[in-house]
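A structural walkthrough
Listed below are the residues making up each chain.
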Amino acid sequence: MLLAAITVLVAAVASVLGAPWWLWLLTVVVPALFAWLFVTVGRERIEVESDGQGGGTLYAGRARLPFEAISRSAVVPATAKQAAMGRQLDPEAFVVHRGYVPTMVIVVLDDPLDPTPYWLISTRDPEGLAAALPDNHYS
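For the chain, an unreviewed UniProt entry supplies the name DUF3093 domain-containing protein and the organism Dietzia cercidiphylli.

1. Describing the side chain of Thr116
Looking at where Thr116 falls in the secondary structure, it is placed in the loop between strand 6 (104-109) and strand 7 (118-122). At a separation of 3.0 Å, a polar atom in the side chain of Thr116 contacts the side chain of Asp114. Those residues in contact with Thr116 that lie beyond four places of it in its chain are Glu92, Ala93, Phe94 and Leu109.

2. Regarding the sheet that holds strand 4 (residues 70-76)
If you walk across this open sheet you meet the four strands as 4-6-7-5, and the pairing is mixed. The open sheet terminates on both sides in strands that have one partner only, identified here as strand 4 and strand 5 (94-96). With strand direction ignored, the average angle separating the axes of adjacent strands in the sheet is 15 degrees.

3. Section: the pairing of strand 6
Side-chain positions along a regular strand alternate between the two faces of the sheet. Pairing of strand 4 with strand 6, which is carried by six bridges, proceeds in the antiparallel orientation. Residue pairing across strands places Val76 opposite Met104, the latter belonging to strand 6. Bridge count between strand 6 and strand 7: five bridges; the pairing is antiparallel. In the sheet register, Met104 faces strand 7, and the bridge partner there is Ser122.

4. Some remarks on the packing of aromatic side chains
In total, this model carries one aromatic pair according to the counting rule given. Between Phe94 and Trp119 the ring centres are 4.6 Å apart and the planes differ by 50 degrees, which places this aromatic pair in the tilted class. Taken together, the residues Phe94 in strand 5 and Trp119 in strand 7 connect sequence positions 25 residues apart. By relative accessible area, which is 5% here, Trp119 ends up buried. Here the guanidinium or amino end of Arg45 rests over the ring plane of Tyr59, the centre of that ring lying 4.8 Å away.

5. Things to note about the sheet that holds strand 3 (residues 63-66)
Taken in spatial order, the three strands line up as 1-2-3 in an open sheet, and their pairing is antiparallel. Because the sheet does not close on itself, it has two edges, and the strands there are strand 1 (46-50) and strand 3. Here the strands of the sheet are splayed against their neighbours by 15 degrees on average, with no regard to which way each runs. Two strands pair when backbone bridges link them, and strand 1 and strand 2 (residues 56-60) are joined in this way by five bridges, in the antiparallel orientation. Within the sheet, the bridge partner assigned to Glu47 lies in strand 2 and is Tyr59.

The rules we used
- Residues numbered from 1 in each chain as written.
- Predicted model: local features only at pLDDT ≥ 70, side-chain atom pairs only at ≥ 80, totals over all residues.
- Heavy atoms only, no water.
- Helix = DSSP H or I, 4+ residues; strand = E, 2+ residues; numbered from the N terminus.
- Polar contact = N/O pair within 3.5 Å; in protein donor to acceptor, adjacent residues only side chain to side chain.
- Contact = heavy atoms within 4.5 Å.
- Pairing = 2+ DSSP bridges.
- Axes fitted to C-alpha atoms, helices over the stretch in contact; angles between N-to-C directions.
- Phe/Tyr/Trp six-rings, centres within 6.5 Å; stacked < 30°, edge-to-face > 60°.
- Buried < 20%, exposed > 50% of the residue type's maximum accessible area, 1.4 Å probe, protein only.
- Lys NZ or Arg CZ within 6 Å of the ring centre and 35° of its normal.

As structure tokens, then:
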């Protein structure tokens, strides 16, 4: 909204001043590039695909994790997010973080071939995501 208002203001000033063609180009192209950047940076796909027989895949951004590699999962509440992303964060963890989303899910892995200990995923529905994932801790 603010970006659109600034674009209209710059276009109005440019028309009053009789601006050259390149200023008109900047008036259109730069806001469009910023809008595209904001949309693409803020859109990470978080999806759970189940095969209906206890198997499936978790997609987070461009990464995928088969259910067989998941040990357990848990909700990270907003009050614990700072600690999970700060001093408690393992450097080898896989993180899909969006700063404007207050809650996360931690997915602990059980794959001896993968050095990644866990995934931390920002999501607006942490309970729903955790419920959709298997709990293979006792299997």
